[in-house]
Amino acid sequence: MRNALGLMVASVIAAVVIAAGGWFYYSSRADQGAPQTTAARAADPLPAKLAAKDDVETTAALAGKPAAPAAAPASAPAAIPVQQKSTCANPNALGVARVVEIDTTGGPGFGFETFKQFDFLTDKEVVLTFDDSPWPVNTPAVLKALADECTKGLFFSVGKHATWHPEILRQVLAQGHTVGTHTWSHLNLNSKKLTEQQAKDEIEKGFSAVKLALGTNPAPFFRFPQLQHNPAMVSYLGTRNVAMWSTDLDSFDFRKGATPEKIVETVMTKLDKLGKGIILMHDFQKHTGEALPTLLARLKAGGYKIVQIKAKTTFQSLPEYDEALLKEMKVPTSSARPIGNVVQTVSQ
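Residues numbered from 1 in each chain as written. Predicted model: local features only at pLDDT ≥ 70, side-chain atom pairs only at ≥ 80, totals over all residues. Heavy atoms only, no water.

S.K.: I'd like a rundown of the pairing of strand 10 (residues 305–311), residues and numbers included.
M.R.: Counting buried positions along strand 10 yields 5 of 7 residues, so the element is predominantly enclosed. Pairing between strand 1 (residues 98–102) and strand 10: 5 bridges, direction parallel. Within strand 10, the position partnered with V99 by the bridge is Q308. Here strand 3 (residues 125–133) runs beside strand 10; their pairing, made up of 2 bridges, is parallel. By the bridge assignment, E125 is partnered in strand 10 with K305. (Buried < 20%, exposed > 50% of the residue type's maximum accessible area, 1.4 Å probe, protein only. Helix = DSSP H or I, 4+ residues; strand = E, 2+ residues; numbered from the N terminus. Pairing = 2+ DSSP bridges.)

S.K.: Would you mind going over the nonpolar core in detail, with residue names and values included?
M.R.: Core analysis: the biggest nonpolar cluster contains 32 residues, and L128, L292 and L299 have the highest contact counts within it. Residue assignment for this core shows that the elements contributing at least two residues are strand 3, helix 4 (138–148), helix 6 (166–174), helix 7 (196–214), helix 9 (260–274), strand 9 (277–282) and helix 10 (286–301). Not counting residues within four places of it along the chain, the set of residues in contact with L299 comprises L94, V126, L128, M268, L271, Y304 and I306. Grouped together as the second largest cluster of nonpolar side chains are 16 residues, V127, L154, A243 and A311 included. (Core = buried A, V, L, I, M, F, W, Y, C linked by side-chain atoms within 4.5 Å. Contact = heavy atoms within 4.5 Å.)

S.K.: So, the pattern of salt bridges: which residues are in play, and what are the values?
M.R.: In this structure the tally under the stated criterion is 12 salt bridges. Of the charged contacts, one joins K312 and D103 as a salt bridge, the two residues approaching to 3.9 Å between their closest N and O atoms. With K312 in the loop between strand 10 and helix 11 (319–329) and D103 in the loop between strand 1 and strand 2 (109–110), this pair connects stretches of sequence that are 209 residues apart. Among the salt bridges present, the one from R240 reaches E204, with a minimum N-O distance of 2.7 Å. One end of the pair, R240, is in the loop between helix 8 (231–239) and strand 7 (243–245); the other, E204, is in helix 7, and 36 residues separate them in sequence. (Salt bridge = Lys/Arg side-chain N within 4 Å of Asp/Glu carboxyl O.)

S.K.: Give me the lowdown on the state of the cysteines, citing residues and values where you can.
M.R.: Taken as a whole, this structure holds 1 disulfide when the rule is applied. Across a sulfur-sulfur distance of 1.8 Å, C88 and C150 are joined as a disulfide pair. When the S-S torsion is 90 degrees, as for the bridge of C88 with C150, the disulfide is right-handed. Separated by 62 residues along the polypeptide, C88 in the loop between helix 3 (55–60) and strand 1 and C150 in the loop between helix 4 and strand 4 (154–157) bring together distant segments of the chain. (Disulfide = S-S within 2.5 Å.)

S.K.: Lay out the packing of helix 7 against helix 8 with the relevant residues and their values.
M.R.: Packed helix pairs are characterised by how far apart their axes lie and by the angle those axes make with each other. Relative orientation of the contacting elements helix 7 and helix 8 amounts to 50 degrees, with a least axis distance of 10 Å. Considering the angle they form, helix 7 stands oblique to helix 8. Of the two elements, helix 7 crosses helix 8, and the hand of that crossing is right-handed. Seen from helix 7, the contacting residues are E196, A199, K200, I203 and E204; seen from helix 8, they are A232, M233, Y236 and L237. (Axes fitted to C-alpha atoms, helices over the stretch in contact; angles between N-to-C directions. Parallel < 35°, antiparallel > 145°, perpendicular 65-115°, else oblique. Left-handed = near helix turned anticlockwise from the far one by under 90°.)

S.K.: Can you break down the packing of helix 4 against helix 10 residue by residue, with the values?
M.R.: The contact between helix 4 and helix 10 brings their axes to 8 Å, and the two run at 10 degrees. When the interaxial angle is binned, helix 4 and helix 10 end up roughly parallel. Every residue of helix 10 that contacts helix 4 at N138, A141, V142, A145 and L146 is listed here: K286, T288, G289, L292, P293 and L296. Class assignment for the residues of the contact of helix 4 with helix 10 results in 7 nonpolar, 3 polar and 1 charged. (Nonpolar A, V, L, I, M, F, W, Y, C, P; charged D, E, K, R; others polar.)

Geometric descriptors of this kind do not, in isolation, establish any biological role.
Below, the structure is given as structure tokens:
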């Protein structure tokens, strides 16, 4: 009886010892932090909403020092780094101070040389615009100057040029600039030699050509060649919900005898007098790309700030012009099938 009682007591003591040892082992492992599952890691907040930023917001923030993200709790793992779409290697870059989105409904006009209605720039604000894109050597030179200062421009492409050099125009778009149009062949739409239909064809064919070159819809932005605003076409562009752009000051970079030095002085003299403005330049011109690094440096030294222009929506080209252009250029007709019906991932 005694042996049986002693055996029972010994068994109870052994069980208590084993349980206590197990508790100590698992509690010490728990102090090191429970392993994070994939779901748990995904729930961790990213620093300062970094994932929500796009290239425009990142560029616009260059002028100011970004706020440091809030410290994570001691028990939380380090946040997963998020790669931003664009960075600026120049800590003193001119950058972009403000991004403006344009609602083009009804065809608003901008640029006080022609249109007097919308004054959206504040003191010391500047919009950089370039006509006649794209062109070999010259357009890339302009793009490099803008990239070196991490700033953005508004480009008005000639349709013919776009079909000749689509790879350059795609670079313009890929670097975050806005692309509008400048007719098909740079005709003066106010010429009495053109019928109203011919003027419409110049506009619509230009948009279709730029769309074809880019592989996507351009912005609903248009600039009349030579700033010759045909009243009938102004009304027509209104029905197509296209914003029209004139200028506040012309660089005259297209004039005979223009040099980089003259271009810079022309712009800065006018700008210092006006205090702000939409600047008209031509990336088609060789001297414009040569002048731009100095011009941007002068703008920065003078306290001027760049405003980037974007459109609320894209332009919807007319199918008949798209089809006619494809036929004229002998481009194979694209398949209308969705990409998911043509290309599927079967192994990864």
